[in-house]
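# Descriptive analysis of the structure
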Amino acid sequence: MNIIEAMKERRSVRTFDGLGLSKKQYSELEKAIERSGSPFGGNVTIRLKKFDLKGGYKPSTYGMIRGAEDFFLLGIGDDEASALSAGYRFEQLVLKAWQMGLGTCWIAATFKGSDFDRGLELPEGEELKVICPVGTAEKPSIKEKLTRLTLGSKNRKPFNDLFFYENFNTAVPDDNKFREALEMLRIAPSSTNSQPWRVLVEGDTVHFYYKPKSPASVLDCGIGICQFHETEKFYGHDGDFSKESGAPAPPEDWKYLVSYRRVR
């Protein structure tokens with residue numbers, strides 16, 4: 001399965017088989033953590049940890065997750081760059097896991113005092129803000145199916161509501177060079193399926209904005225931008241990310257994040 005297929009097929013998994021990762025899978029994911037990176041800086045620590053289900057493990061934030069004993073834990077700094085990098089870096093691991101036949105489910109919340117936080121040492125200034133189970137999916141329960149329906153996980157906003165060309169009133173042409181990368185951004189996961197990202201395309205440059213929806217909106221944008229950039233790289237393109245002082249001023253309820261300029 002290539003990266004584009006993984007983006008199109010991936011879904012959130014909340015019910016697992018209870019068997020945990022094999023040593024080989026665990027090792028491969030740890031290597032993927034080491035290889036992951038972000039162009040946005042900030043402070044992000046990603047750990048993979050196994051919990052003992054048979055030992056009475058019942059974290060207070062377990063919620064809808066069943067049968068998982070392996071979790072990614074994300075320590076994130078309290079600034080925009082860290083949130084953006086957390087989304088960007090961790091989406092690489094989510095896609096890698098899916099390519100390995102493993103399911104995941106992003107969970108962003110406050111975990112202080114939970115079983116996840118207990119004994120976890122993070123660099124100063126970072127706090128555990130995201131956890132994510134990883135493992136082999138079991139047949140989803142009725143409760144999980146209802147959750148997906150409630151969250152509208154399969155529904156996405158129309159392309160032309162999110163992405164614009166040369167100005168904030170014109171749709172991106174069907175033959176635009178960034179069309180497929182933007183489509184992979186459109187279908188990216190986000191908290192409560194909020195899709196906070198907005199884009200303006202100007203020639204070889206893509207300006208990324210967001211419409212604040214929740215405390216996780218910038219992290220969500222990191223997820224989407226990762227899928228955009230992975231698509232660019234898959235098709236042999238690459239570019240540079242930077243903050244542009246002259247980026248077009250967005251509508252009042254949007255905030256500018258970063259710009260990408262294709263260089264090849």
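Because the structure is a prediction, the values reported are computed rather than measured.

## Digging into the packing of aromatic side chains
Scanning all chains against the criterion turns up 21 aromatic pairs. Here Phe 51 and Phe 71 contribute two aromatic rings whose centre-to-centre distance is 5.7 Å and whose plane-to-plane angle is 85 degrees, an arrangement assigned as edge-to-face. You can see Phe 51 sitting in the loop between strand E1 (44-50) and strand E2 (70-77) and its partner Phe 71 sitting in strand E2, a full 20 residues away along the chain. According to the relative accessible area criterion, Phe 51 is buried, its value standing at 8%. With a relative accessible area of 0%, Phe 71 lands in the buried category. Between Phe 168 and Tyr 209 the ring centres are 5.7 Å apart and the planes differ by 75 degrees, which places this aromatic pair in the edge-to-face class.

## Examining empty space enclosed by the protein
To find leftover empty space, a probe the size of one water molecule is rolled over the atoms. Tallied over the entire structure, the rule returns one cavity of 30 Å³ or more. Forming the boundary of the largest cavity are Phe 16, Asp 17, Gly 18, Leu 19, Gly 20, Gly 67, Ala 68, Glu 69, Asp 70, Val 134, Gly 135 and Thr 136. When the residues that make up the lining of the largest cavity are grouped by side-chain class, the tally is four nonpolar, five polar and three charged.

## A look at the pairing of strand E8 (residues 205-210)
Buried residues dominate E8, accounting for six of its six residues. Burial along E8 is two-sided: Thr 205, His 207 and Tyr 209 facing one way and Val 206, Phe 208 and Tyr 210 facing the other are all buried. In this structure, strand E7 (residues 197-202) lies alongside E8, joined through six bridges in antiparallel fashion. Directly across from Val 201, in E8, lies its bridge partner Val 206. In sequence, E7 turns back onto E8 through a hairpin of two residues, with Gly 203 there showing a positive phi of about 60 degrees. Two strands pair when backbone bridges link them, and E8 and strand E10 (residues 255-262) are joined in this way by six bridges, in the antiparallel orientation. Looking across to E10, one finds that Tyr 210 is bridged to Lys 255.

## Considering the sheet that holds strand E9 (residues 239-242)
A sheet is described by the order of its strands in space; here five strands give the open sequence E6-E7-E8-E10-E9, paired in mixed fashion. Of all strands in the sheet, those bounded by a partner on one side alone are strand E6 (163-165) and E9. Averaged over all adjacent pairs, the angle separating strand axes in this sheet is 20 degrees, with direction ignored. The strands that helix H5 (residues 179-186) touches are E6, E7 and E8; relative to E7, the one it contacts most, it runs at about 170 degrees.

Criteria and thresholds
- Each chain carries its own residue numbering, running from 1 in the written order of its sequence.
- Where totals are concerned, whole chains, interfaces and linings use all residues; where local detail is concerned, this predicted model gives features only for residues with pLDDT of at least 70, and gives and counts side-chain atom pairs only at 80 or more.
- Where side-chain values are given, they derive from all heavy atoms of the structure, hydrogens and water being excluded.
- Under the pairing criterion, centres of Phe, Tyr and Trp rings, with the six-membered ring standing for Trp, must be within 6.5 Å; the plane angle then separates stacked pairs below 30 degrees from edge-to-face pairs above 60, leaving the rest tilted.
- Every helix listed is a DSSP run of H or I at least four residues long, and every strand listed is a run of E at least two residues long, numbered separately from the N terminus.
- Burial classes: relative accessible area under 20% of the type maximum marks a residue as buried, over 50% as exposed, and values in between as partly exposed (1.4 Å probe, protein chains only).
- Cavities and pockets are defined on a 1 Å grid built over the protein atoms alone: a cavity is a set of grid points where a 1.4 Å probe fits but cannot escape, while a pocket is an open set with protein on both sides within 12 Å along at least five of seven lines, and lining residues are those with an atom within 4 Å of any such point.
- Grid points are joined across faces, edges and corners, and a volume is the space filled by probe spheres set on the points.
- In this classification, the charged set is Asp, Glu, Lys and Arg, the nonpolar set is Ala, Val, Leu, Ile, Met, Phe, Trp, Tyr, Cys and Pro, and all remaining amino acids, among them Gly, are polar.
- Pairing between strands requires that DSSP locate at least two bridges from one strand to the other.
- Think of each axis as a best-fit line through the C-alpha atoms, taken over the contacting stretch in the case of a helix, with angles from 0 to 180 degrees between the N-to-C directions.
- We call two residues in contact when some of their heavy atoms are within 4.5 Å.

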